[in-house]
Amino acid sequence: MVVLVTGANGQLGQSIKFIANKYPTIQFIYTDYYEMDITNIESCANAFLKYKPQFCINTAAYTAVDKAESEPEKAHLINCIGSKNLAEVCKENDTILLHISTDFIFDGASKTPYLESDLPNPQSVYGQTKLEGEIAIQNTWEKHFIIRTSWVYSQFGANFMKTMLRLASERDSLSVVSDQIGTPTNAVDLAEALLTIIQSSITHHPSLATFGIYNFSNEGQCSWYDFAAAIFKQKELKMDLRPIPTSAYPTPASRPAYSVLDKTKIKNTFNIEVNEWKTSLVRGINLL
Ligand SMILES: NC(=O)c1ccc[n+]([C@@H]2O[C@H](COP(=O)([O-])OP(=O)(O)OC[C@H]3O[C@@H](n4cnc5c(N)ncnc54)[C@H](OP(=O)(O)O)[C@@H]3O)[C@@H](O)[C@H]2O)c1
């Protein structure tokens, strides 16, 4: 069974590599921007011709949320056109596509965890282009799993956990936003969920009704302030940590005030057990 991973040098791509040896029956093909540029359909088609994957995990994306506000064309090209290209080559090759999307497609006005069926209303260029990517896939190729996730961190790449640890070595006090509520997601847990979906699909041959959108994050909820506090506590780092409102930390892109995702569908469909965010944070920090 061949599983092709796009954007494999990113945080999620490296997390998939990290757990790959637990899946000895799967041959993983890791492609980066240079071998397979998802914005170039010929490059995608050539990679599919060469590797003939049964599954494609698209981790490639334009993920610079604030920068996207000033680079909307580039974000659209990668997050929308790139996703559409992949859906097209997957269709040509009868390959199941697993694509990663985001909580930022929601406006954050909800007071209860978002269901897959809730109406998206992105408030940023990044969120808008990620939603356009979802729609392009849905309109192109039915054999897809779109996995929406949130607040991804890991031992790999640049992320909130690593930024907090770096700041702890540079200063004694820090203000962090306390009125945005969501759920951190360890990218290794996300990688495991993706591989569980693939293994289930190999065994059960999903019906068309099984394809579609699924939420995945860790369990529970917190603010960025709570997340930072837990990071410092776990590392026993002294930090004068202060909660501030979003209004005191303006950013080019606006972010949802609430973006907790309901995981009932993925848990019930694929029998996935989801770790509490604090449990997974300990695991992530210990891997640094
Ligand atoms: N990080 C989060 O908090 C978060 C939250 C929710 C959802 N997500 C989603 O989760 C997925 C994985 O995120 P991540 O954190 O692993 O992102 P990441 O670390 O930024 O990795 C994305 C990778 O895609 C590559 N890439 C960019 N343009 C490409 C192209 N045209 N062709 C091929 N590769 C390309 C990037 O390469 P370069 O670095 O060389 O550009 C990078 O290696 C994304 O779909 C993202 O939208 C992330």
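Residues numbered from 1 in each chain as written. Predicted model: local features only at pLDDT ≥ 70, side-chain atom pairs only at ≥ 80, totals over all residues. Heavy atoms only, no water.

## Notes on the packing of helix α3 (residues 72–93) against helix α4 (residues 125–140)
Each packed pair of helices is defined by two parameters, the angle between the axes and the distance between the axes.
Working step 1: For the pair α3 and α4, the least separation of the axes is 8 Å and the interaxial angle reads 20°. Here α3 lies roughly parallel to α4, going by the angle between them. For the pair α3 and α4, the sense of crossing is right-handed. Between α3 and α4, the residues in contact are Pro72, Ala75, His76, Asn79, Cys80, Ser83, Lys84, Ala87, Glu88 and Lys91 and Val125, Tyr126, Thr129, Lys130, Glu132, Gly133, Ala136, Ile137 and Thr140, respectively. (Axes fitted to C-alpha atoms, helices over the stretch in contact; angles between N-to-C directions. Helix = DSSP H or I, 4+ residues; strand = E, 2+ residues; numbered from the N terminus. Parallel < 35°, antiparallel > 145°, perpendicular 65-115°, else oblique. Left-handed = near helix turned anticlockwise from the far one by under 90°. Contact = heavy atoms within 4.5 Å.)

## What to know about the site of the ligand
Working step 1: The immediate surroundings of the ligand are formed by 23 residues, with Leu12, Asp37, Thr63, Tyr126 and Lys130 found nearest.
Working step 2: Within the side chain of Thr63, one N or O atom sits 2.6 Å away from an oxygen atom of the ligand.
Working step 3: Within the side chain of Lys130, a nitrogen or oxygen atom sits 2.7 Å from an oxygen atom of the ligand.
Working step 4: Protein burial of the ligand: of its 900 Å² of free accessible surface, 77% is covered by the chains.
Working step 5: Elements with a minimum of two residues in the shell around the ligand: α1 (11–19), β4 (96–102) and α4.
Working step 6: Element by element, the count of residues in the shell around the ligand is highest for β4, at three residues.
Working step 7: Residue classes in the shell around the ligand are distributed as eleven nonpolar, ten polar and two charged. (Near = heavy atom within 4 Å. Polar contact = N/O pair within 3.5 Å; in protein donor to acceptor, adjacent residues only side chain to side chain. Areas by Shrake-Rupley, 256 points an atom, 1.4 Å probe, with all protein chains shown as cover. Nonpolar A, V, L, I, M, F, W, Y, C, P; charged D, E, K, R; others polar.)

## So, the layout of surface pockets
Working step 1: Computed from the structure, the second largest pocket encloses a volume of approximately 210 Å³.
Working step 2: What lines the second largest pocket is a set of 14 residues, and nearest its centre among them are Phe55, Ile96, Ser201, His205 and Pro206.
Working step 3: Partitioning the lining of the second largest pocket into residue classes produces seven nonpolar, five polar and two charged. (1 Å grid on protein atoms, 1.4 Å probe; cavity = no way out; pocket = protein on both sides within 12 Å on 5 of 7 lines; lining within 4 Å. Points joined across faces, edges and corners; volume = space filled by probe spheres on them.)

## Some words on the pairing of β4
Working step 1: Within β4, seven of the seven residues are buried, which leaves it mostly tucked inside the rest of the structure.
Working step 2: The two faces of β4 match: Ile96, Leu98, Ile100 and Thr102 on one face and Leu97, His99 and Ser101 on the other face are all buried.
Working step 3: The pairing of strand β3 (residues 55–58) with β4 spans four bridges and is parallel. Bridge assignment links Asn58 to a residue of β4, and that residue is His99. (Buried < 20%, exposed > 50% of the residue type's maximum accessible area, 1.4 Å probe, protein only. Pairing = 2+ DSSP bridges.)

## Brief notes about the environment of Gly133
Working step 1: Structurally, Gly133 is set in helix α4.
Working step 2: Owing to a relative accessible area of 0%, Gly133 belongs among the buried residues under this scheme.
Working step 3: Sequence separation between Gly133 and Tyr225 is 92 residues; the distance between their C-alpha atoms is 31 Å.
Working step 4: With residues up to four places along the chain from it excluded, the contact list for Gly133 reads Asn79, Cys80 and Ser83.

## A closer look at the pairing of β3
Working step 1: Of the two faces of β3, the one carrying Phe55 and Ile57 and the one carrying Cys56 and Asn58 are both buried.
Working step 2: With respect to chirality, the unit in which β3 leads through α3 into the neighbouring parallel β4 is right-handed. (Right-handed = clockwise from strand over helix to strand, strands pointing away.)

## Things to note about α3
Counting along an α-helix, one turn takes 3.6 residues, and residues three or four places apart therefore face a common direction.
Working step 1: Spanning 22 residues, α3 covers 31 Å between terminal C-alpha atoms, matching the ideal 32 Å at 1.5 Å per step.
Working step 2: Taking the largest bend as the criterion, α3 deviates by roughly 30°, centred on Ile81.
Working step 3: Where α3 is concerned, the buried positions are Ala75, Ile78, Asn79, Cys80, Gly82, Ser83, Asn85, Leu86, Ala87, Val89 and Cys90.
Working step 4: The inward-facing, buried residues of α3 contact β1 (2–6), α2 (41–51), β3, β4 and α4.
Working step 5: Positive backbone phi, at 50°, marks Asp94, one or two positions downstream of α3. (Expected span 1.5 Å × (residues − 1). Bend = angle between axes of the 7 residues up to and from the residue.)

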